[in-house]
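Okay, here's what each chain looks like letter by letter:
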Amino acid sequence: GFDIGKLRAETGLVTLDSGYGNTAAYKSAITYLDGEGGILRYRGYPIEQLAEHGTFLETAYLLIHGELPTVDQQAAFKDEVTRHTLLHEDVKRFYDGFPRDAHPMAMLSSVVSALSTFYQDSHNPFDEEQRHLSTIRLLAKLPTIAAYAYKKAVGHPVVYPRNDLGYVENFLRMTFSVPAAEFELDPVVVNALDKLLILHADHEQNCSTSTVRLVGSSQANMFASISAGINALWGPLHGGANQSVLEMLQGIQASGSDVDTFIRKVKDKEDGVKLMGFGHRVYKNFDPRAKIIKSAAHDVLSALGKSDELLDIALRLEEHALSDDYFVERKLYPNVDFYTGLIYRAMGFPNSMFTVLFALGRLPGWIAQWHEMIKEPGSRIGRPRQIYTGVVERDYVPIESR
Ligand code: ACO
């Protein structure tokens, strides 16, 4: 076969692939994605089936271990995750130090990174037992960390995890309940959030997952690698798009709901305005997650008895874009983020928490990919090349002569 490494050694040539549009950096057996066909499968299982019949914890197990759990495996996994939900009391003091209006994604990545100061035995990525413990700790603690970030923003006391509840129920209770007050979970919300987390659980080599793998390839520990992934997810071109979509819809609403003017601005690339929640590097026909989420948005809003003018604006934007040459020629379709914000909003989450919910969902994927990377025989440090465009050589000029 063709050996690009040999060619480089002989000729000094490197390939330039901006945005890695055509470069596979890894082999992976976790997620199958066919962008032309709109197909997404975790370990071979279609995303539609997992979203309909599975649970988020079951999906996490599947991604990390490669197989769906048996009844016993599932019970043991849930039991283990449940037992690690508490945060060390000292972690609470981190939140005291953050400004009240701190973005929850910044708190999330900081606290996840700080976990590596509490679990110093976990720093060797080749220690299998510690790898397992870090996996469980991250899955168990991220909802607690996320709920504390929300509590910080609203100025309420934290609510400790309750281990008799399911994963999503526990998170919702820690987020929305107040200590010592009655709190009832709405099964519609629990069910919808569980499904949304499943739909976000992995997406092969996206920006945040590649970041996790790249940081991990230096043999940095799992907490450090995943904290980096959370920061990569935050950007508006990636997971931050769910927050940007809602802000875009609110902006259109504030300007009198004029969808046509907004679409024209996008097409004219006025001030770099984009139709947020549209377009994808890999999907060129439709995003299968967006399809499921669009109908979930209708279902959840009507089950919660809520109507939202922003949903009407979103539907009009989509309809307009799908029949416009600009979007058709560029194969721009709604992605996973286009409708999620509307559901999160109906559930009671503020805009700033949307990307945090994405991170909760993506966590098992990051973990699974980190494990796969560390266990790959002969895995090397990630180290892209560059095409140097600067001055080749010049002599130092003393400051008084410049
Ligand atoms: N609105 C308007 N125009 C767009 C959009 C959009 N949302 N997305 C792409 N385009 C245009 C580009 O301007 C470009 O046009 P040109 O050929 O005239 O220059 C063309 O479509 C190709 O776009 P690229 O930027 O080359 O596509 P790329 O694959 O690099 O980017 C991305 C993909 C980042 C998702 C992009 O479509 C985008 O910015 N979308 C909006 C943000 C968003 O929704 N991100 C979430 C992605 S899904 C996820 O991470 C969960």
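Everything quoted here is computed from the prediction, not taken from an experiment.

Draft legend 1. Representation of the overall build of the chain within the structure. Counting its regular elements, the chain contains 18 helices and 3 strands. The principal-axis extents of the C-alpha atoms in the chain amount to approximately 70 × 55 × 55 Å. A burial count over the chain gives 42% of its 402 residues as buried. Within the chain, contacts between residues at least 6 apart in sequence are counted, and of these 75% link residues at least 24 apart.

Draft legend 2. How the structure looks around the UniProt feature "active site" (unreviewed entry) in the chain. The sites that carry the UniProt feature "active site" (unreviewed entry) are, in the present numbering, His 280 and Asp 337. With the annotated positions falling across 58 residues, the maximum pairwise C-alpha distance of 10.6 Å places them together in a single cluster. Along the chain, His 280 falls in the loop between helix 13 (259–267) and helix 14 (288–303). Non-local contacts of His 280, meaning those with residues more than four positions away in its chain, are made with Asp 287 and Asn 335. Residue class for Asp 337 comes out buried when judged on the 29 C-beta atoms lying within 10 Å of it.

Draft legend 3. The nonpolar core, seen in detail. Core analysis: the biggest nonpolar cluster contains 107 residues, and Leu 108, Ile 145, Ala 146, Ala 314, Ile 343 and Val 356 have the highest contact counts within it. With 12 residues, helix 18 (residues 354–375) is the largest single contributor of residues to this core.

Draft legend 4. Looking closely at the sheet that holds strand 1 (residues 31–34). On the basis of which strands lie adjacent, the open sheet formed by 3 strands has the order 1-2-3 and antiparallel pairing. Among the strands making up the open sheet, the edge pair consists of strand 1 and strand 3 (45–46). Both strand 1 and strand 2 (residues 39–42) contribute to a ladder of 4 bridges, which runs antiparallel. Looking at strand 2, one finds that Thr 31 is bridged to Tyr 42.

Draft legend 5. Summary view of the site of the ligand. Around the ligand, the surrounding shell holds 20 residues, and the nearest of these are Ala 241, Lys 274, Phe 278, Gly 279 and Arg 281. Looking at the shell around the ligand residue by residue, the classes come out as 8 nonpolar, 8 polar and 4 charged.

Draft legend 6. Seen up close, unusual backbone geometry. The backbone of Glu 204 shows a phi angle near 40 degrees, a positive value even though the residue is not glycine. With respect to the secondary-structure elements, Glu 204 resides in the loop between helix 9 (187–200) and helix 10 (207–216). The backbone of Lys 269 shows a phi angle near 55 degrees, a positive value even though the residue is not glycine. Structurally, Lys 269 can be placed in the loop between helix 13 and helix 14. Looking at Lys 269, the number of C-beta atoms within 10 Å reads 10, which means it is exposed.

Draft legend 7. Representation of the packing of helix 12 (residues 241–254) against helix 18 in the model. Put simply, helix 12 and helix 18 touch, their axes get as near as 7 Å, and they point 150 degrees apart. Viewed along their axes, helix 12 and helix 18 adopt a mutual orientation that is roughly antiparallel. Of the two possible hands of crossing, helix 12 and helix 18 adopt the one that is right-handed. Here Asn 242, Gln 243 and Leu 246 of helix 12 come into contact with helix 18, specifically with Phe 354, Thr 355 and Phe 358. Residue composition of the contact of helix 12 with helix 18, by class: 3 nonpolar, 3 polar and no charged.

Draft legend 8. Looking closely at the environment of Phe 126. Inspection of the secondary structure assignment puts Phe 126 in the loop between helix 6 (104–118) and helix 7 (128–154). Separated by 85 residues in sequence, Phe 126 and Thr 211 place their C-alpha atoms 19 Å apart.

Draft legend 9. The arrangement of the packing of helix 7 against helix 18 in detail. The interhelical angle for the contact between helix 7 and helix 18, taken along N-to-C directions, is 170 degrees, at an axis separation of 10 Å. As the angle between them shows, helix 7 and helix 18 are arranged roughly antiparallel. The residues of helix 18 that touch helix 7, namely those facing Arg 131, Thr 135, Leu 138, Leu 139, Leu 142, Pro 143, Ala 146 and Ala 149, are Val 356, Leu 360, Leu 363, Pro 364, Ile 367 and His 371. The residue makeup of the contact of helix 7 with helix 18, split by class, is 11 nonpolar, 2 polar and 1 charged.

Draft legend 10. Representation of helix 12 in the model. The end-to-end C-alpha distance of helix 12 is 19 Å, a good match for the 20 Å that 14 residues give at a rise of 1.5 Å each. For helix 12, every residue scored as buried is listed here: Ala 241, Asn 242, Gln 243, Ser 244, Val 245, Leu 246, Met 248, Leu 249 and Ile 252. At its buried positions, helix 12 is contacted by helix 13, helix 15 (309–322), helix 17 (337–347) and helix 18. A positive phi of about 100 degrees marks Gly 256, the residue just after helix 12.

Draft legend 11. View of the confidence of the model for the chain. This prediction gives the chain a mean pLDDT of 95; 100% of its residues lie at or above 70. Reported for the predicted complex are a pTM of 0.95 and an ipTM of 0.97.

Draft legend 12. The arrangement of the environment of Ala 180 in detail. Considering the arrangement of structural elements, one finds Ala 180 in the loop between helix 8 (167–176) and helix 9. For Ala 180 and Val 159, which are 21 residues apart along the polypeptide, the C-alpha to C-alpha distance reads 9.3 Å.

Draft legend 13. Broad picture of the pairing of strand 2. Of the two faces of strand 2, the one lined by Leu 40 and Tyr 42 is fully buried and the one lined by Ile 39 and Arg 41 carries no buried residue. Across 2 bridges, strand 2 lies against strand 3 in antiparallel orientation. Counted as the bridge partner of Arg 41 is Pro 46 from strand 3. Taken together, strand 2 and the strand that follows it, strand 3, pair antiparallel across an intervening segment of 2 residues, in which Arg 43 is found at a positive phi of about 50 degrees.

Analysis parameters
Residues numbered from 1 in each chain as written. Predicted model: local features only at pLDDT ≥ 70, side-chain atom pairs only at ≥ 80, totals over all residues. Helix = DSSP H or I, 4+ residues; strand = E, 2+ residues; numbered from the N terminus. Buried ≥ 20, exposed ≤ 12 C-beta atoms within 10 Å, placed from the backbone. Contact = placed C-beta atoms within 7 Å. UniProt positions renumbered as here; feature names shortened; annotations may be inferred. Core = buried A, V, L, I, M, F, W, Y, C linked by C-beta atoms within 7 Å. Pairing = 2+ DSSP bridges. Near = placed C-beta within 6 Å. Nonpolar A, V, L, I, M, F, W, Y, C, P; charged D, E, K, R; others polar. Axes fitted to C-alpha atoms, helices over the stretch in contact; angles between N-to-C directions. Parallel < 35°, antiparallel > 145°, perpendicular 65-115°, else oblique. Left-handed = near helix turned anticlockwise from the far one by under 90°. Expected span 1.5 Å × (residues − 1). pLDDT = per-residue confidence, 0-100.

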